[in-house]
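# Coordinates in review
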Amino acid sequence: MKTWEISDIDGNLLHAGRAKTRKKLIENLVRDGKSFERADLAHADLSGLELSKGNFTSALLTKADLRGTQLQSAILRNAILDDAQCHGARFDRADLNGATITGTQFAGARATYASFRGARITGADFTKVSASSSVFSHAHISDTSFTGSRMLNADFGNSTVLACDFSGTRLETSLFTNAVDDSQTNWTRHLPNRTRNSIIVGCTFDRETVLSPTVPAFKLDAIINKMAEFGLFASTALAMLGVGSQLPEFLANEEVLASNISSGVGFLGVFVGAYLIKEGVGQYVEEKVKKGLDYVLQRVRGVYNELDRWGVHRSNIVMTMARGRSCKLMKDMLASKAPEAMSKGFWPSFKSFWSGLGEVIICDRRHLALALGAVSANRKRSYSLPRDIVLARPSTQKHSSEPTLKVLSFLKDGKSSAVWECPGERTITTLYSADNSFIGCWAEDGVPNEVLASYLPDCHTSGERVFETFVRDLLASHDWEQFTFPSDTHYCQAGADGTLLVFRAADRRLDNPDGPAVIFPDDESRNVRNGTIQVHQPFGR
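Residues numbered from 1 in each chain as written. Predicted model: local features only at pLDDT ≥ 70, side-chain atom pairs only at ≥ 80, totals over all residues. Heavy atoms only, no water.

## Comments concerning helix α1 (residues 22–31)
All of the buried residues along α1 are Leu 25, Ile 26, Glu 27, Asn 28, Leu 29 and Val 30. Just past α1, the residue Gly 33 takes up positive phi, approximately 85°. (Buried < 20%, exposed > 50% of the residue type's maximum accessible area, 1.4 Å probe, protein only. Helix = DSSP H or I, 4+ residues; strand = E, 2+ residues; numbered from the N terminus.)

As structure tokens, then:
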């Protein structure tokens, strides 16, 4: 037995204890529920250990040996796993949100139901990984191999995927665990787009790759790659044809050959040179052109996505204001920038809001599922976003005697804000930290914070309670008061056509013990438990 010490990344003592090996001490500490948050485990041998449910938040695991390690339901949020060896490890249901994964070897690992939200994955090897129902949303993934991996229902929404290899990868959709009368193909239009708002460029696919209609960005990249390959092949073939047309004349000129090359070796050199032109130079040019084309496509795709999002969100705002014949919606959304305006002034904050407008969801019936999905996905977010997400309820002509929650914003830095419409046409903005604790409130007339608080309901002091209030009021405004689901264990998501779907967070299966798990845009619904569809049932008014 020997005394071992484990430090954090700042060099401070984190744990100490007696064990046969440092490796055994770590396993014992995890079993006893001790936290390894911010622990320095670089180069550590953790192979084969039972570390399930361990807390390794922000831990340094660079070049750690995790081969065959059991990490089911472990928390590796914002951890650094650069060059770690994770062959055959078990990451089922693990939380790797925001992790840094560079050159990491995951070959043969299992990551079913694992979450890589907001992770940065570069040059990693995910060959033959079982990662069905895993989440890669908001991740940045480049030069990584997913060859032969099983990734059914994997979610790549809002991600950037560049030059990755998906040869033989299965990316299809598997919806129900039981046979149903209407085939799964008919459900495709109701399911979420698993590559929504994503940029997927320059990836490799082959005949063994399985792409479902729910991953349109992958399918588009595969089509573009085919077109690009044909274009490069055609241009290279034309160049080789041009070179080939000159070779007979060159070979026939004995004087030229005699003056430049010796007998016997000459013809070999000529043919080798021609081969290098065709295979070497052609391949070199082709690779350079393809890399340049991938870069251009990446930039074009990114600009297109931004322009499309920019135009759609602004047109939705303008049309909603036109239908209501009021600018109240814009005023309410601008109020969400009140804390910024207090420090920078109105016009800089207005310019920041309009020019850098984030994802704006107008909470009408058409976008109701999208709004509920946004709240569900961001209420406990642990990663940053590229842009704000603003949920705005359309203004009505009715005046309430109670404060009404009109706008809810999830800010890209992790904070959130809410805009309340109070009696007397007073608008108050409340701000919450990344852990949903109350920061303060603001109003346009400069009323002190403590006075403003008296106008608001008690729930305003908790971000979590504010989210619940927004959802409850939103459902009531659309006569959906009866719809409910256990938000602590389930989440909802919007289908491509506005269908609302409820999933169990633990395994991403369609499930809702409190009511329907599927509500179509026409308010028809389906009850689904544990992925098993049960009965057809009307829903709504």
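## Quick notes on the nonpolar core
Among the nonpolar cores identified, the biggest contains 60 residues, and Leu 41, Phe 91 and Phe 116 are the most heavily contacted of them. Secondary structure elements with two or more residues in this core: α1 and α2 (216–252). Ranked by residue count, the leading element in this core is α1, at 4 residues. Among all residues touching Phe 116, those that are not within four sequence positions of it are Leu 96, Asn 97, Ile 101, Ala 111, Ile 121, Phe 126, Val 135, Phe 136, Ser 137 and Ala 139. With 50 residues, the next largest nonpolar core counts Leu 405, Ala 418, Leu 474 and Leu 500 among its residues. (Core = buried A, V, L, I, M, F, W, Y, C linked by side-chain atoms within 4.5 Å. Contact = heavy atoms within 4.5 Å.)

## Re the pairing of strand β15 (residues 438–443)
Strand direction decides the pairing type here: strand β14 (residues 426–432) and β15, joined by 5 bridges, are antiparallel. By the bridge assignment, Tyr 432 is partnered in β15 with Phe 438. (Pairing = 2+ DSSP bridges.)

## Side note on empty space enclosed by the protein
Throughout the structure, instances matching the rule amount to 1 cavity of 30 Å³ or more. In this structure, the largest cavity encloses a volume near 50 Å³. Leu 372, Val 375, Ser 376, Arg 379, Val 471, Leu 475, Phe 483, Phe 485 and Cys 492 together form the lining of the largest cavity. Counting residues per element, the ones that place at least two in the lining of the largest cavity are α8 (368–378) and α10 (463–477). Here the lining of the largest cavity takes 3 residues from α8, the largest share from any one element. (1 Å grid on protein atoms, 1.4 Å probe; cavity = no way out; pocket = protein on both sides within 12 Å on 5 of 7 lines; lining within 4 Å. Points joined across faces, edges and corners; volume = space filled by probe spheres on them.)

## Description of the environment of Leu 66
When you line up the elements, Leu 66 lands in the loop between α1 and β3 (100–102). Among residues more than four places away in sequence, those in contact with Leu 66 are Leu 46, Ser 47, Leu 71, Leu 81, Gln 85, Cys 86, His 87 and Ala 89.

## As for the environment of Thr 427
Position of Thr 427 relative to the elements: it lies in strand β14. On a C-alpha basis, the gap between Thr 427 and Trp 442 in space is 8.7 Å, while along the polypeptide they are 15 residues apart.

## Some words on the side chain of Ser 167
By secondary structure assignment, the location of Ser 167 is in the loop between β6 (160–162) and β7 (170–171). For Ser 167, the side chain forms a polar contact with the side chain of Asp 165, separated by 2.6 Å. (Polar contact = N/O pair within 3.5 Å; in protein donor to acceptor, adjacent residues only side chain to side chain.)

## Description of the state of the cysteines
Tallied over the entire structure, the rule returns 0 disulfides. Note on Cys 164: no disulfide assigned, nearest cysteine sulfur contributed by Cys 203 at a separation of 5.0 Å. Overall, the relative accessible area of 0% leaves Cys 164 in the buried class. (Disulfide = S-S within 2.5 Å.)

## Some remarks on the confidence of the model for the protein chain
Any region with low pLDDT has predicted coordinates that should not be read closely. Per-residue confidence for the protein chain gives a mean pLDDT of 79, with 70% of residues at or over 70. Counting contacts from residues 260–272, a segment whose pLDDT is below 50, to residues more than four positions away or on other chains yields 9 contacts. Under a pLDDT of 50 for its full length, residues 319–325 has, in the predicted model, 9 contacts with residues more than four places off or in other chains. (pLDDT = per-residue confidence, 0-100.)

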